[in-house]
Amino acid sequence: QVQLVESGGGLVQAGGSLRLSCAASGRTFSRSHMGWFRQATGKEREFVAFIRWSGGITYYADSVRGRFTISRDSATNTVYLQMNSLKPEDTAVYYCAARDNIIPSTTPRAWGYWGQGTQVTVSS
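Since the structure is predicted, the reported quantities are computational estimates derived from the model, not experimental observations.

## Description of the overall build of the chain
A count of helical and extended segments in the chain gives 0 helices and 11 strands. Ordered by position in the sequence, the α and β elements of the chain form the string β-β-β-β-β-β-β-β-β-β-β. For 124 residues, the compact-globule estimate of 2.2 N^0.38 gives 14 Å, and the chain sits close to it at 13 Å. In terms of principal-axis extent, the alpha carbons of the chain reach across some 40 × 30 × 25 Å. Here the chain holds 124 residues, and 41% of them are scored as buried. When the accessible area of the chain is evaluated, it comes to approximately 6300 Å², of which 46% is carbon and sulfur surface. Distance between charge centroids for the chain: 5 Å, based on 13 positive and 8 negative side chains.

What follows is the structure, encoded as structure tokens:
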């Protein structure tokens, strides 16, 4: 089993920054991916970014590329999402996810483990 606990959400003005954290426990992730997804009110959950645990390969949604950075700390099994130049349209509940597969995916249903989510609100 895998447990994921997010933190770091909050209210920020447009143009500001936030850093989300996701603490993972329960098993190792040597052949896995960790990702961030988000879900705005009334919309479907969408992919934001993922990182391959071994090697650190990253991939981003077009809407956040160049503004968000995903990273991981292997020593503490923690994944981060640094969000800069935030926009009101970034407002959503952000979820950390884990996929126990060497092949990455941007489809939410392909990820087997999820955190409880953390709210990010960007005011204009």
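## Brief notes about the sheet that holds strand E7 (residues 68-73)
The antiparallel open sheet is built from 4 strands, whose spatial order is E1-E3-E8-E7. Edge positions in the sheet fall to strand E1 (3-7) and E7, since each has one partner strand and no second. Each neighbouring strand pair of the sheet contributes to a mean axis angle of 15 degrees, computed without reference to strand direction. Relative to strand E3 (residues 18-25), E1 runs antiparallel, the two sharing 5 bridges. Bridged to Ser 7 within E3 is Ser 21.

## Digging into the state of the cysteines
Formally, a disulfide is one covalent bond, and it connects the sulfur atom of one cysteine to the sulfur atom of another. Throughout the structure, instances matching the rule amount to 1 disulfide. Two residues, Cys 22 and Cys 96, share a disulfide whose sulfurs are 2.0 Å apart. In this structure, the disulfide formed by Cys 22 and Cys 96 twists by about -75 degrees around the S-S bond and is classed as left-handed. Taken together, the residues span a long stretch of sequence, with Cys 22 in strand E3 and Cys 96 in strand E9 (residues 92-99) at a distance of 74 residues. Across the pair, exposure class does not vary: Cys 22 and Cys 96 are buried alike.

## Structural notes on the environment of Gly 35
The residue Gly 35 is located in strand E4 (residues 33-39) in this model. Relative accessible area serves as the criterion here: at 1%, Gly 35 is assigned to the buried category. C-alpha separation for the pair Gly 35 and Asp 62, spaced 27 residues apart in sequence, amounts to 15 Å.

Calculation notes
- The residue count restarts for each chain, going from 1 along the sequence in the order it is written.
- Local features are withheld for residues below a pLDDT of 70 in this predicted model, meaning they are given only at 70 or higher, and side-chain atom pairs are given and counted only at 80 or more; totals for whole chains, interfaces and linings count all residues.
- In computing side-chain values, all of the structure's heavy atoms are included and hydrogens and water are not.
- Here a helix means four or more residues in a row that DSSP labels H or I, a strand means two or more in a row labelled E, and each is numbered from the N terminus.
- Only C-alpha atoms enter the radius of gyration, while the globule expectation follows 2.2 Å times N to the 0.38, with N the number of residues.
- Summary of the burial criterion: residues with accessible area below 20% of their type's maximum are buried, those above 50% are exposed, and those between are partly exposed, where the area comes from a 1.4 Å probe applied to protein chains only.
- For the area figures, the Shrake-Rupley method with a 1.4 Å probe applies, and any residue is considered shielded solely by the protein chains shown.
- Under this rule, positive means Lys or Arg and negative means Asp or Glu; His and the chain ends count for nothing.
- The atom standing in for a charge is NZ when the residue is Lys, CZ when it is Arg, CG when it is Asp and CD when it is Glu.
- A pair of strands is labelled paired if DSSP reports no fewer than 2 bridges between them.
- Interaxial angles span 0 to 180 degrees and are taken between N-to-C directions of axes, which are lines fitted to C-alpha atoms, for helices over the stretch in contact.
- The disulfide criterion used throughout: a pair of cysteine sulfur atoms within 2.5 Å.

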